[in-house]
Amino acid sequence: MRKKIVAGNWKMNKTFAEGITLTNEIIDGLKNSQHQCDQVILCTPFLHLQKVSELCNEEYVLHTAAQNCHTENSGAYTGEISAFMIQSVGATHVLVGHSERRMYNAENNSMLAKKVDIALANQLTVVFCCGESLEIRNAGNHIAFVNEQIESSLFHLSKEAFKNIVIAYEPIWAIGTGLTASKEQAQEMHFQIRAKLNSGYGEEIANETSILYGGSCNAQNAKELFSQPDVDGGLIGGASLKAADFLTIIQSF
Ligand code: PEP
């Protein structure tokens, strides 16, 4: 059975102390509530990763992710962090291909394929982000565009390696805008992504890969989105910064 997952992407938010407070609030909330979530992933800035990973050991459902990694393990790349370094502090996951990195850091499909490879080589699970702009959707090309992102950056992987991939569908027009995809739009795309995985890897991988929705998912709309048959959870930005909202989303299955 594929996992139900809620991941919180803190982006470039929270001082170190604020991040630890938020983590402790989430841990307390999880201990004192019922939920059906298989994994909760905190995608913190690099700064917080080691301490948050230590704290997350207290709660079986919790994991940590970096928001990016470099294409190499080490070297003269000032200001960069590698997958090798990320796993050394206890993180288990990494986001690859978030639209903000594609946009502001010119990350393209072939570069992302390299990041996927180095992350997997360092035993990190990859949360691979994909999604179309509004122009592409309005032109009716959104499904072909997302399929191409997936094929270019992931389809060189073996079936075995693909077991360590989670997909996050995040329409760019919905990220941080308050515009959420409708449950029908989310389901349509998640169904198509699963069909794409089926064409590349067969039914088992297609059925076992978790596909998360991201884009203004919040405490009010998470239940409706998560009720769709091909939506296995969410990648949450803004609403992951407040423990109460994030906990409500975790309880939305
Ligand atoms: C994100 O950054 O991955 C995201 C989904 O952001 P938000 O929830 O704020 O739209």
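Residues numbered from 1 in each chain as written. Predicted model: local features only at pLDDT ≥ 70, side-chain atom pairs only at ≥ 80, totals over all residues. Heavy atoms only, no water.

Trainee: What should I look at first to understand the site of the ligand in this one?
Mentor: The ligand sits among 14 residues. The nearest are Lys 11, Glu 170, Gly 176, Ser 216 and Gly 237. Take His 98: an N or O atom from its side chain is 2.9 Å from an oxygen atom of the ligand. Surface burial for the ligand is 95%, taken as the share of its 290 Å² of free accessible area covered by protein chains. (Near = heavy atom within 4 Å. Polar contact = N/O pair within 3.5 Å; in protein donor to acceptor, adjacent residues only side chain to side chain. Areas by Shrake-Rupley, 256 points an atom, 1.4 Å probe, with all protein chains shown as cover.)

Trainee: Please clarify how the sheet that holds strand S1 (residues 5–9) should be interpreted in this entry.
Mentor: Two modes of strand pairing occur in sheets, parallel and antiparallel, and in both the strands are linked by backbone hydrogen bonds. Judged by pairing direction, the barrel is parallel, and its eight strands sit side by side in the order S1-S2-S3-S4-S5-S6-S7-S8 before closing back on the first. On average, adjacent strands in this sheet sit at an angle of 25° to one another, irrespective of strand direction. With five bridges joining them, S1 and strand S2 (residues 39–43) adopt parallel strand pairing. Paired with Ala 7 across the bridge in S2 is Ile 41. Relative to the sheet, helix H5 (residues 109–121) contacts strand S4 (93–96), strand S5 (125–130) and strand S6 (165–169), its axis offset from that of S5 by approximately 160°. Along the sheet face, helix H7 (residues 142–154) touches S5 and S6 and points at about 145° away from the line of S5. (Pairing = 2+ DSSP bridges. Helix = DSSP H or I, 4+ residues; strand = E, 2+ residues; numbered from the N terminus. Axes fitted to C-alpha atoms, helices over the stretch in contact; angles between N-to-C directions. Contact = heavy atoms within 4.5 Å.)

Trainee: I keep staring at the packing of H5 against H7 and nothing clicks. Help me out?
Mentor: Packed helices, taken two at a time, are described by their axes: the angle between them and the distance between them. The interhelical angle for the contact between H5 and H7, taken along N-to-C directions, is 50°, at an axis separation of 7 Å. Looking at the two axes, H5 sits oblique to H7. At the point where H5 passes H7, the crossing takes the right-handed sense. Between H5, through Asn 109, Leu 112, Ala 113 and Val 116, and H7, the contact on the second element is made entirely by Glu 148, Gln 149, Ser 152, Ser 153 and Leu 154. (Parallel < 35°, antiparallel > 145°, perpendicular 65-115°, else oblique. Left-handed = near helix turned anticlockwise from the far one by under 90°.)

Trainee: Looking at this structure, I do not really get the packing of aromatic side chains. What am I missing?
Mentor: Any aromatic ring pair is given by two values, namely how distant the centres are and how the planes are angled relative to each other. On inspection of all chains with the given rule, the structure shows five aromatic pairs. The interplanar angle of 85° and the centroid separation of 5.1 Å between the aromatic rings of Phe 155 and Tyr 201 together place this pair among those described as edge-to-face. You can see Phe 155 sitting in the loop between H7 and helix H8 (159–162) and its partner Tyr 201 sitting in helix H9 (residues 183–201), a full 46 residues away along the chain. By relative accessible area, which is 22% here, Phe 155 ends up partly exposed. One aromatic cluster is present, built from ring pairs that chain together Phe 155, Phe 162 and Tyr 201. (Phe/Tyr/Trp six-rings, centres within 6.5 Å; stacked < 30°, edge-to-face > 60°. Buried < 20%, exposed > 50% of the residue type's maximum accessible area, 1.4 Å probe, protein only.)

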